[in-house]
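Here is how the chains run, residue by residue.
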Amino acid sequence: MDERAQLAWVARRVGFGLAPGQLDEWASKGVDTVLAELTDPDATGVAAGPDPFAELARGRDDGSAPFRRAVAAWMGSVVVGSRPLESWMQLFWHDYFAVSAQAVRLPGLMFDHFELLRRRGLGNFEELLRAVTTDGAMLVFLDGTTSTGHSPNENYARELLELYSVGLGNFEEADVQAAAAALTGWVVRPRFDGAVTFVSRRHDDTPRSLLGVTGVHDVDTVVEVVARHPATAARVTRLLADRILGPGADPGVVARHQAGFAEGLALAPLVRGLLEDGLGGAATEVLVEPIPWLISAVRALQAPPRGRDVAASLRATGQVPFLPPNVGGFPPPGSYLSTSATVARFNLAAAIAEAARAPTPARLAAERGDTDALAEALGLVAGFAPATAAAISSLDHPRDRLAAALASPDLIVA
């Protein structure tokens, strides 16, 4: 790949696509500078955007309206934001630590949880895991608030070991029980806007053995043991490699990154290293999930569809922010090719094309019938496949050309 193609690959793989003029801007900086800005925006002086939830009500609401507004606010912030990888990692961790608003009825807790994932998503994994473990939304979601020293609730401890750290096959039932006891004592005060408090009288401080390490008795010792276990570095590295390099990435490449990540659990160097290997030819194709696909389309066309169109269509795909279907996260990529998900994608493509009014490069190319320029405006530097280009060219109306391009197989795979 030449440099423009490399940058377009980065944008489509981990950057929610390209805004008008962004590829030219990135090309003027070069790949190294762009990767530095993406993986370490604070150090490179990339301004952070405002809190997308600042104007939304945080109090308890048994309806879904606050979360519909939150989805629109978050997606809008990503469309105009200057830190796309930070938002991409936020969505990755939302899948990894799958907390659902259906169980957490206090919007403020979900907003804080989502911002936690963004703020720490490129930092240190042990620190991220520690913060999530005592996060108000997670405590409510997996019943940590009901867990006491006399009656430890094992829900979070089990998911901590099975999904958030070492994984199945690397722990015993006694480890679940030890972790559950050590994690007791944390409560959420809903009447104080979801404040999280540690109540010592509800905590069992008895030292126990966890994953072969003795003396574990509180949240810090639990997180230290599970985060630093070799299986945790292996699990996190593999999942990120699957997303960035694609399923079936070279085991040798993954093992090399795992060894480096295990030394300090720093996420930004791991992500940058995987991206560099992807640019070097180690990547395979991945299916673009519904949320990144939608945000990419809106960024390119500068045309957000109506909120009710977004809500209905994303529900049909199975990937809605704040509403992962279960503790295991969103559906596997193959499910996004189902009939209902495909229909939803076509409906969204039509809605975005209908809303496109700004003279973006994509819209102007569609008006001219220039499929090469349209492809580049949508991040496909090499152009559409011949069959896709022919299908788009056969359409008379620019709106239909835009919709066909957005819904094409070419934009479903990155």
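**A few points about the nonpolar core**
- Of all hydrophobic cores here, the largest spans 137 residues; its most connected members are W93, F97, F125 and L240.
- The greatest single-element share of this core, amounting to eight residues, is contributed by helix α15 (residues 290–301).
- Once residues lying within four places of it in the same chain are set aside, the contact partners of L240 are W88, M89, F92, L245, L267, L270, V271 and L274.

**Considering the pairing of strand β4 (residues 213–216)**
- As judged from the two bridges shared by strand β3 (residues 208–210) and β4, these two strands associate in the antiparallel manner. If you follow R208 over to β4, its bridge partner there is V216.
- If you look at the hairpin formed by β3 and β4, you'll find two residues sitting between the two strands, and L211 has a positive phi there, around 55°.

**Structural notes on the pattern of salt bridges**
- Within the structure shown, the criterion is met by 25 salt bridges.
- Among the salt bridges present, the one from K29 reaches E37, with a minimum N-O distance of 3.0 Å.
- R228 is the salt-bridge partner of E224, the closest N and O atoms lying 3.2 Å from each other.
- With relative accessibility at 52%, the residue R228 sits in the exposed group.
- A network of salt bridges, in which partner residues are shared, links D42, R83, E86, E115 and R118.

**Side note on the side chain of H257**
- As for its position among the elements, H257 is in helix α13 (residues 251–264).
- Taking relative accessible area as the criterion, H257 reaches 9% and is therefore assigned buried.
- A distance of 2.6 Å separates polar atoms of two side chains, one belonging to H257 and the other to D277.
- The residues touching H257, leaving out its near neighbours within four places in the chain, are T237, L270, G273, L274 and D277.

**Section: the side chain of T184**
- Secondary-structure assignment places T184 in the loop between α10 (173–182) and β1 (186–189).
- In this structure T184 comes out as buried when scored by relative accessible area, which is 0%.
- Only 2.9 Å separates the side chain of T184 from the backbone nitrogen of D204, close enough to count as a polar contact.
- Residues within four places of T184 in sequence aside, it is in contact with S147, T148, G149, P152, F198, R202, H203 and D204.

How each quantity is defined
Residues numbered from 1 in each chain as written. Predicted model: local features only at pLDDT ≥ 70, side-chain atom pairs only at ≥ 80, totals over all residues. Heavy atoms only, no water. Core = buried A, V, L, I, M, F, W, Y, C linked by side-chain atoms within 4.5 Å. Buried < 20%, exposed > 50% of the residue type's maximum accessible area, 1.4 Å probe, protein only. Helix = DSSP H or I, 4+ residues; strand = E, 2+ residues; numbered from the N terminus. Contact = heavy atoms within 4.5 Å. Pairing = 2+ DSSP bridges. Salt bridge = Lys/Arg side-chain N within 4 Å of Asp/Glu carboxyl O. Polar contact = N/O pair within 3.5 Å; in protein donor to acceptor, adjacent residues only side chain to side chain.

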